[in-house]
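# Coordinate analysis (summary)
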Amino acid sequence: MTEDLKAIRVDQFLPHPPAKVWRALTTPELMAQWLMPNDFRPEPGHRFTFRARPVGATGFSGVIACEVLEVTPPRRLRISWADAAHADAARTEVSWTLAAEGSGTRVLLEHSGFDPDDPTQQLARRLMGGGWRGRLRRALAAVLDA
């Protein structure tokens, strides 16, 4: 299987019903616990930011400018994602798709739009790939288990 240089994909089963997972994905206070501090609202067109630690190797400022692109409760959330400090920063998209599976939920995360020919974007993709996997497997799971 070849590595997709344009996207990160994470497929994770969580032993919680879709409504509970959806709440953790779309409630700002819960998002802050498993992802990052934010001023998110689940409304298409809403512009918001996430705040994280800057990453010097990629030039990442630590502030992520986002816009809600799609909200289909309790199935799909899609947002844009770009470094707020750089006007020419690559704009990527993150989507979460939820599907009921038994008594739990299958979560498919896709972070797409990376330029396969840009070394900085590829470094960011590799770093974020591990981060997304950890966030879904550990941080989101911990919020849901609380």
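Residues numbered from 1 in each chain as written. Predicted model: local features only at pLDDT ≥ 70, side-chain atom pairs only at ≥ 80, totals over all residues. Heavy atoms only, no water.

Taken as a whole and judged by the stated rule, the model has 6 aromatic pairs. Residues Phe40 and Phe48 carry aromatic rings whose centres are separated by 5.1 Å and whose planes lie at 85° to one another, so their mutual orientation is edge-to-face. On the basis of relative accessible area, Phe40 is assigned to the buried category, the value being 2%. For Phe48, a relative accessible area of 2% corresponds to the buried category. Arranged with centres 5.5 Å apart and planes meeting at 55°, the rings of Trp81 and Trp132 form a pair that is tilted. Of this pair, Trp81 sits in strand E4 (residues 76–83) while Trp132 sits in helix H3 (residues 119–145), and the two are 51 residues apart along the sequence. A single burial state applies to Trp81 and to Trp132, both of which are buried. (Phe/Tyr/Trp six-rings, centres within 6.5 Å; stacked < 30°, edge-to-face > 60°. Buried < 20%, exposed > 50% of the residue type's maximum accessible area, 1.4 Å probe, protein only. Helix = DSSP H or I, 4+ residues; strand = E, 2+ residues; numbered from the N terminus.)

Taken together, the 6 strands give an open sheet; going across it, the order is E1-E6-E5-E4-E3-E2, and neighbouring strands pair in antiparallel fashion. Here the strands that pair on one side only, and so sit at the sheet edges, are strand E1 (7–14) and strand E2 (47–51). For this sheet, the mean inter-axis angle between neighbouring strands, taken without regard to orientation, is 25°. Pairing geometry for E4 and strand E5 (residues 92–101), over 6 bridges, is antiparallel. What sits directly across from Ser80, in E5, is Glu93. Running at roughly 160° to E5, helix H1 (residues 18–26) makes contact with E1, strand E3 (63–72), E4, E5 and strand E6 (104–112) of the sheet. Sheet strands touched by H3: E1, E4, E5 and E6. Its angle to E1, the strand with the most contacts, is close to 20°. (Pairing = 2+ DSSP bridges. Axes fitted to C-alpha atoms, helices over the stretch in contact; angles between N-to-C directions. Contact = heavy atoms within 4.5 Å.)

Within this structure, the stated rule accounts for 9 salt bridges. With a shortest N-O distance of 3.4 Å, Arg9 and Glu110 are connected by a salt bridge. Of this pair, Arg9 sits in strand E1 while Glu110 is found in strand E6, placing the two residues 101 residues apart along the sequence. Residue classification places Arg9 among the partly exposed residues on the basis of a relative accessible area of 46%. Among the residues examined, Glu110 registers a relative accessible area of 27% and is labelled partly exposed. Among the ionic pairs, Arg41 bridges to Glu43, the shortest N-O distance being 3.2 Å. Given the relative accessible area of 42%, Arg41 is considered partly exposed. In this structure, a network of salt bridges that share partners links the residues Glu70, Arg76, Arg78 and Glu93. (Salt bridge = Lys/Arg side-chain N within 4 Å of Asp/Glu carboxyl O.)

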